[in-house]
Amino acid sequence: MTDASVRLTTALADRYRIERELGAGGMATVYLAHDVRHDRKVALKVLRPELSAILGGARFLTEIKTTANLQHPHILSLFDSGEADGLVYYVMPFVEGESLRDRLTREKQLPVDEAVRIAREVADALEYAHGHGVVHRDIKPENVMLAGGHALVADFGIALAASRSDGGTRMTETGMSLGTPHYMSPEQAMGEREITARSDVYALGCVLYEMLTGEPPFTGPTAQAIIARVMTEEPRSVTLQRRTVPPHVEAAVLTALEKLPADRFATAREFGAALAGEGGALPASRITAAAIARTGAGPWRLRFQVASAVALGALAVAAWGWLGGRPGAQAGSEWQRIALGDSLRLTIVMPSMALSPDGGTLVLKDDRQNGLLWIKRRSELNPVPVPGTERGTNPVFSPDGQWIAFVADGRLKKVRTDGGAAVTLADTAASAGGFGGAAWLDDGSLVYVRPSLVELRRVGTAGGGGTVVLLDSTNGGGIGMPHALPGSRGVLYQYCSSGCVTMAVQVLDLRTGRHKPLVDNAAAAWYLPPGRLLYVRRDGVALVAPFDLKRLEITGEAVPVLEGVLVQPGFAQLAWSPAGTLVYVRGSGSSAENTAVRVSRDGVELVVDSAWHGSFASLALSPDGRRAAVSSGATNGGLNIWVKQLDRGPATRLTFSGKDRRPAWSPDGRTVAFVRDTTGASLVIAHAADGSGPDRRLARLDRTAQEIDWTRDGKWLVLRTDNGAPGAGDIVGVRVGGDTTPVSLVASPFTELHPAVSPDGRWLAYTSNESGANEVYVRPFPDTQGARWQVSNGGGDEPRWSPDGRELYYLDPSLRLMAAAVTRGAAFATSGVRPLFSTAPYFNEAFHQSYEVAPDGRSFYFLRPAQAAGGPHTPDIVWVENWSADLRAKLAR
């Protein structure tokens, strides 16, 4: 027995004989006891000693006497209370049955009729107590007992008593919580002093929701996460989870769960009447929405049926504005530049802007370490940060403008524009260098890019696993930057390959699941009502073409409407709103060019050669660190290999085929190997680094080769094949000289990327998504089947070895460069991992290595957009009011 039970047994020996402990909760421990005086079993509850000390025993006992006067068939009475040996206790009847929690634990869900009956009985008890001025404050399945098939509500008034103490101190001020997060009303979660009967109505709505669906309306890993969802999210439809629930029952539950107390039922009696189907108790809109939710075939179609009328209405309003039908629309546009001040430095190396549907609020991403998203409102001078959006990229507004979705640390999240906790919607979303993102459809769902960059998945605003709407690995590239079409008709997205040297806009039909290309050589596209497509070419020119929303086709010639939009590989820095507002960052035709930077271990950046820039797709450093090889599309000849003397020497073109990429240096620095694409195959070609002599073929693969690593002893080329799809990316080895038949090194049903052999040739590091997310692994080399070790934990990719092999570097999901200390020994091991600096400002490609390690191990080489390299960059942000007027004028010519 515990010390408390021993003390209690001794102190109450003449009144109660304690038999055993029944359970313990947040406020009390419950014992089965025998009432000696009345010869009956009772439940004796003892307040936790620390709680008694805070509240004051005498005050608590005075407060709970109120509940002794509550006499109702569905209320568990209070028999006795008192204080014994410093322990505060109260006594209730022992119920020969079980709690509702016990029942739900065993059965998960209850029959609909029984769940409704239990809820109505609890509502009847609550109505009686509320009439006597008592609010329960802690309605939950644990406090509902089931006896003889009927409900008995326990602990009436206990939470009220616990909310007060000697000296007026509230429990919330002590750091201890009242109520249970899953069932707390928003006002109770916020610590409001005045809690009304409508809070109990909310809690009962949560309990009934769980009886019907098997879980509370809001769940999460911590109390804070649950409360954040209570405050910011809407509950998922009951009928979408259980079709046998009548529409009027779902409507009653959702009315009880309204955020604002004034929007709920005024009394528990009204809630009970609504559950009984009494018509006057429910808003007509609730009944209609619940009925519609039962008629469709699938969850997204259901939501589309509910939302289509609203979406079409919104589209009509938008079209009215774009066509000039709204008052004042014929007035000219207003152009102005935005000054952000010193507090915010806009990043230009990844998608960093979004404009609210009404055109009045702009979201911007800060370029600095762990940078936040910021909000700039048209009516306010200075931007303000959005807490909880650290490392956020790819912002997008909800259709109502109340939420911002974004990607951070490999997760899709959302946050309210007026503040509140960020809520995770999906645990695995593409975040490498900002190539990814999400589209928020007008039915409330979101379509987002998975880390493989070949998959789009659709998820509701409550989050979850979602459903696959596109899986496309046929192109050998990646997809990103989705934008929604109205009516949830489809999604426009970017297709990009070879470092976005090749790019196009494609469209996904969400009704059929089919996808097709729309525009080549384009960085991004948006739908403009009433039936036009706005897209930006890689040269920074924006064009508008007629677009058939039903057939998802361009139906006429495109007209240039804007020049000088900043374009980076795979995206354009432009945002627009249906209200006719446009915001963009001005840039030259060379905006997509990169330059090389050298970054120290503490994150200090130095431009290698400010005069050297181009459309570089990759960079490889020579063994002595004096030269760099890049694949570049800077000329009209396609992708070719160039060799640059570091730091400020000349850059010399090495190849001329227009199909050469992914350079890798031989260990002696005399030769550069690279991939040359041919029809149905990839060749690995070697060419002397000084340009002399002919090409020499090192290997031929019947699959697309994507990455090359040349071992330090010069005996092996390690190649990674294909892109993205499950099982597509494998790692093979090719011996240099002699038999060049590819040898499988790592081949699995998953995707392997980024091979890197250690300097001593003993270990092969690589990335795999076998756990569901990219992680860094190490195997012995070349006998890769001997063992396998996982290095990263919580996400990682792009491993690179230090020159001495004592560290293994990789990028974590937030794009920090991590350094894992390697322990020397017969088996591979690491002794710790530490972050070095954020690589977010630099060009990052999810499928290929994006950086190199200097030979001295003291610095790293990255590619950075030429306009942003060399220190702070002040982008030229242009805000255009009534841009639709300009557009109409251009299209009329």
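The numbers attached to residues start from 1 for each chain and follow its sequence in the written order. Reporting of local features is limited, given that this is a predicted model, to residues whose pLDDT is at least 70; pairs of side-chain atoms are given and counted only at 80 or more, and all residues count toward the totals for whole chains, interfaces and linings. Excluded from the side-chain calculation are hydrogens and water; included are all heavy atoms of the structure.

S.K.: Please clarify how the packing of helix α5 (residues 112-131) against helix α8 (residues 197-213) should be interpreted in this entry.
M.R.: Relative placement of two packed helices is described by the angle separating their axes and the distance separating the axes. Between α5 and α8, the shortest axis-to-axis distance is 10 Å and the interhelical angle comes to 165 degrees. Regarding the angle of α5 to α8, the classification is roughly antiparallel. Judged by the twist between their axes, the crossing of α5 over α8 is right-handed. Every residue of α8 that contacts α5 at V112, A115, V116, I118, A119, V122, A123, L126 and H130 is listed here: A197, D200, L204, L208, M211 and L212. Grouping the amino acids of the contact of α5 with α8 by side-chain chemistry returns 13 nonpolar, one polar and one charged. Between N-to-C directions, angles cover 0 to 180 degrees, with each direction set by a line fitted to C-alpha atoms, over the stretch in contact for helices. We count a stretch as a helix when DSSP gives it H or I for four or more residues in a row; a strand needs E for two or more, and each element gets its number in order from the N terminus. Geometric relationships in this document are graded by angle, where less than 35 degrees denotes roughly parallel, more than 145 denotes roughly antiparallel, 65 to 115 denotes roughly perpendicular, and other angles denote oblique. Less than a right angle of anticlockwise turn of the near helix away from the far helix marks a crossing as left-handed, whereas a clockwise turn marks it as right-handed. Contacts: residue pairs with any heavy atoms within 4.5 Å of one another. Three classes are used: nonpolar for Ala, Val, Leu, Ile, Met, Phe, Trp, Tyr, Cys and Pro, charged for Asp, Glu, Lys and Arg, and polar for all others, with Gly counted as polar.

S.K.: What is the right way to read the environment of L639 from this model?
M.R.: By the secondary structure assignment, L639 is in the loop between β38 (627-632) and β39 (640-645). A C-alpha to C-alpha distance of 5.5 Å links L639 and D660, two positions 21 residues apart in sequence.

S.K.: Explain the pairing of strand β47 (residues 731-735) here, please?
M.R.: Along a regular strand, successive side chains alternate from one face of the sheet to the other. Residue exposure (1.4 Å probe, protein chains only): buried if accessible area is under 20% of the type maximum, exposed if over 50%, otherwise partly exposed. Extensive coverage of β47 is indicated by the burial of four of its five residues. Sheet topology places β47 next to strand β48 (residues 743-746); three bridges connect them, and they run antiparallel. If you follow G733 over to β48, its bridge partner there is V743. Any two strands with at least two DSSP bridges between them are considered paired.

S.K.: Can you walk me through helix α11 (residues 247-256) in this structure?
M.R.: Within α11, eight of the ten residues are buried, leaving the element largely enclosed by the surrounding structure. Of all the residues in α11, the buried ones are V249, E250, A251, A252, V253, L254, T255 and A256.

S.K.: Any chance you could explain the nonpolar core here in plain terms?
M.R.: The nonpolar side chains of soluble globular proteins are, as a tendency, buried together. Core analysis: the biggest nonpolar cluster contains 48 residues, and F156, L208, M211, L212 and F271 have the highest contact counts within it. If you list the elements that add at least two residues to this core, you get α4 (100-107), α5, β7 (144-147), β8 (150-153), α8, α9 (223-232), α11 and α12 (268-275). Sequence-distant contacts of F271, defined by excluding residues within four places in its chain, comprise V201, L204, G205, L208, A252, V253, A256 and F265. If you look at the next biggest cluster of nonpolar residues, it comprises 22 residues, including L528, V565, V880 and L887. Remark: nonpolar core denotes a set of buried residues (Ala, Val, Leu, Ile, Met, Phe, Trp, Tyr, Cys) joined through side-chain atoms within 4.5 Å.

S.K.: Looking at this model, I keep getting lost on the pattern of salt bridges. Mind explaining?
M.R.: Once the charged atoms of two side chains with opposite charge are near each other, the side chains can pair. Salt bridges are defined by distance alone: a side-chain nitrogen of Lys or Arg within 4 Å of a carboxyl oxygen of Asp or Glu. Enumeration over the complete set of coordinates arrives at 40 salt bridges. In this structure, the salt-bridge partner of D409 is R391, at a minimum N-O distance of 2.7 Å. One end of the pair, D409, is in the loop between β15 (403-408) and β16 (411-416); the other, R391, is in the loop between β13 (384-385) and β14 (393-397), and 18 residues separate them in sequence. Here E605 makes a salt bridge to R864, at a shortest N to O gap of 2.7 Å. Residue E605 is located in strand β36 (residues 605-607), and its partner R864 is located in strand β58 (residues 859-865); the two are separated by 259 residues in the primary sequence. On the basis of relative accessibility, which here comes to 22%, the residue E605 falls in the partly exposed class. One salt-bridge network, in which partners are shared between bridges, spans E98, R103, R106, E107, E114, R117 and E121.

These values are about where atoms sit, not about what they do.
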